[in-house]
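Each chain is listed here by its residues.
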Protein chains: 2
Amino acid sequence: MEELDQRIVQLLLQDGRMSYTDLGKATGLSTSAVHQRVRRLEQRGVVRGYTAIVDPEAVNLALTAFISVKPFDPSAPDDTPERLVGLPEIEACHSVAGDENYILKVRVPGPGDLEDLLARIRTAAGVSTRTTVVLSTPYEARPPKL
Amino acid sequence: MEELDQRIVQLLLQDGRMSYTDLGKATGLSTSAVHQRVRRLEQRGVVRGYTAIVDPEAVNLALTAFISVKPFDPSAPDDTPERLVGLPEIEACHSVAGDENYILKVRVPGPGDLEDLLARIRTAAGVSTRTTVVLSTPYEARPPKL
DNA sequence: GCTGAAACGCTAATATC
DNA sequence: GATATTAGCGTTTCAGC
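As the structure is a computational prediction, the values presented were derived from the model and not from experiment.

**Side note on the domain arrangement of chain A**
At step 1: Looking at chain A, the domain boundaries give domain 1 (3–44) and domain 2 (56–134).
At step 2: In this structure, domain 1 of chain A and domain 2 of chain A have C-alpha centres spaced 36 Å apart.

In structure tokens form, the structure reads like this:
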């Protein structure tokens, strides 16, 4: 990717609400030129969207956990992600190398909700689970250095 | 938290660049009232900031991994997060219950960079590591249902 | 692909209730 | 806390290069 686009992406990672005017000033381009570039980045799928970064505890999602998942029947076709996509507590689903097949990142209000969620995951996807509870999060969602 | 604030937060999770005018229309409040509420949410730390959601492969970060970390000396004071905060490849650091002490989420261009990063993590923090490589990511960064 | 300009819409501050 | 108002600023589009 081109250097100017990279610069723009980095600025939007740091502040997703930065104005095109300010992006222009920061990159030495005109407002229209930045605007065009951002739209191309969005069209090409480099920029997929924008979001607020929210304190999970403040929105009643105080319990975060990682759930490693393994199908009961390893020979069956594996459609685990689609089977789980409807559970909104699952923030992310990664297919991984290693002992298990997937790692899920989930957020729930508390332990009882985690218990419920685990049951729903097992029945919806036909998997066994291994859960790692997050105690605290020193940092998260840091913008990468490009 | 109040219902209106929750609604606003949800809308900003779905579109971090939504205008105050549109937030007002969506919530039935005036532009100024929404604006005030958003600023209070930011001040209170409920909304911590805004960011673009970017395709990691498009910005030369094609390899994602989870690294579980355990101090060599479990009796020493544990300042692992501070020791690692300077490594920009680390997107998140979670303290967890279980066999290991922390789970790190990292992104690098490729396997060689992961090897380098692991060495830097071990020497910087005095820890042993266990790495789980992400093969693909069916979904990630989904906004939670509030 | 970039610039510059004009129309339009949004933001942010003030005043009022 | 909410609304109304308004000046200033940002966004978006388009013509021109």
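**Some details on the pairing of strand S4 (residues 102–108) of chain A**
Residues and elements named next belong to chain A.
At step 1: The element S4 is largely enclosed, with a buried count of seven among its seven residues.
At step 2: Side chains Tyr102, Leu104, Val106 and Val108 of S4 all project onto a buried face; the interleaved residues Ile103, Lys105 and Arg107 project onto the opposite face, where all are buried too.
At step 3: Pairing analysis gives five bridges linking strand S3 (residues 90–96) to S4, with the strands arranged antiparallel. Across the sheet, Ile90 pairs through a bridge with Val106, a residue of S4.
At step 4: In this antiparallel pair of consecutive strands, S3 and S4, the connection spans five residues, and Gly98 shows a positive phi of 130°.

**Regarding the protein's contact with DNA strand C**
At step 1: Lining the immediate surroundings of DNA strand C are 13 residues, of which A:Ser30, A:Ser32, A:Arg37, B:Tyr20 and B:His35 lie closest.
At step 2: Mapped by element, the contributors of at least two residues to the surface near DNA strand C are helix H3 (31–43) of chain A together with helix H2 (20–27) and helix H3 (31–43) of chain B.
At step 3: Here the surface near DNA strand C gets five residues from one element, more than from any other, and that element is H3(A).
At step 4: Residue classes in the surface near DNA strand C are distributed as three nonpolar, seven polar and three charged.

**Notes on the relation of the copies chain B and chain A**
At step 1: After a rotation of 180° and a shift along the axis of 0.0 Å, chain B superposes on chain A with an RMSD of 0.0 Å. Both copies of the chain, as the preceding transformation shows, are related through a two-fold rotation axis.
At step 2: In this assembly the copies share their binding face: 100% of the residues contributing to the interface of chain B also contribute to that of chain A.

**Side note on the protein's contact with DNA strand D**
At step 1: The environment of DNA strand D is made up of A:Ser19, A:Tyr20, A:Thr21, A:Thr31, A:Ser32, A:His35, A:Arg39, B:Ser30, B:Ser32, B:Ala33, B:Gln36 and B:Arg37.
At step 2: In DNA strand D, atoms within 4 Å of the protein come 70% from sugar and phosphate.
At step 3: Take B:Ser30: an N or O atom from its side chain is 2.6 Å from a phosphate oxygen of DNA strand D.
At step 4: At the level of elements, helix H2 (20–27) and H3 of chain A together with H3 of chain B are the ones that each hand at least two residues to the surface near DNA strand D.
At step 5: Classifying every residue of the surface near DNA strand D by side-chain character gives two nonpolar, eight polar and two charged.

Conventions and cut-offs
Residues numbered from 1 in each chain as written. Chains lettered and ligands numbered in written order. Predicted model: local features only at pLDDT ≥ 70, side-chain atom pairs only at ≥ 80, totals over all residues. Heavy atoms only, no water. Domains from an automatic or database assignment. Buried < 20%, exposed > 50% of the residue type's maximum accessible area, 1.4 Å probe, protein only. Helix = DSSP H or I, 4+ residues; strand = E, 2+ residues; numbered from the N terminus. Pairing = 2+ DSSP bridges. Near = heavy atom within 4 Å. Nonpolar A, V, L, I, M, F, W, Y, C, P; charged D, E, K, R; others polar. Least-squares fit on C-alpha atoms with pLDDT ≥ 70 in both. Contact = heavy atoms within 4.5 Å. Polar contact = N/O pair within 3.5 Å; in protein donor to acceptor, adjacent residues only side chain to side chain.

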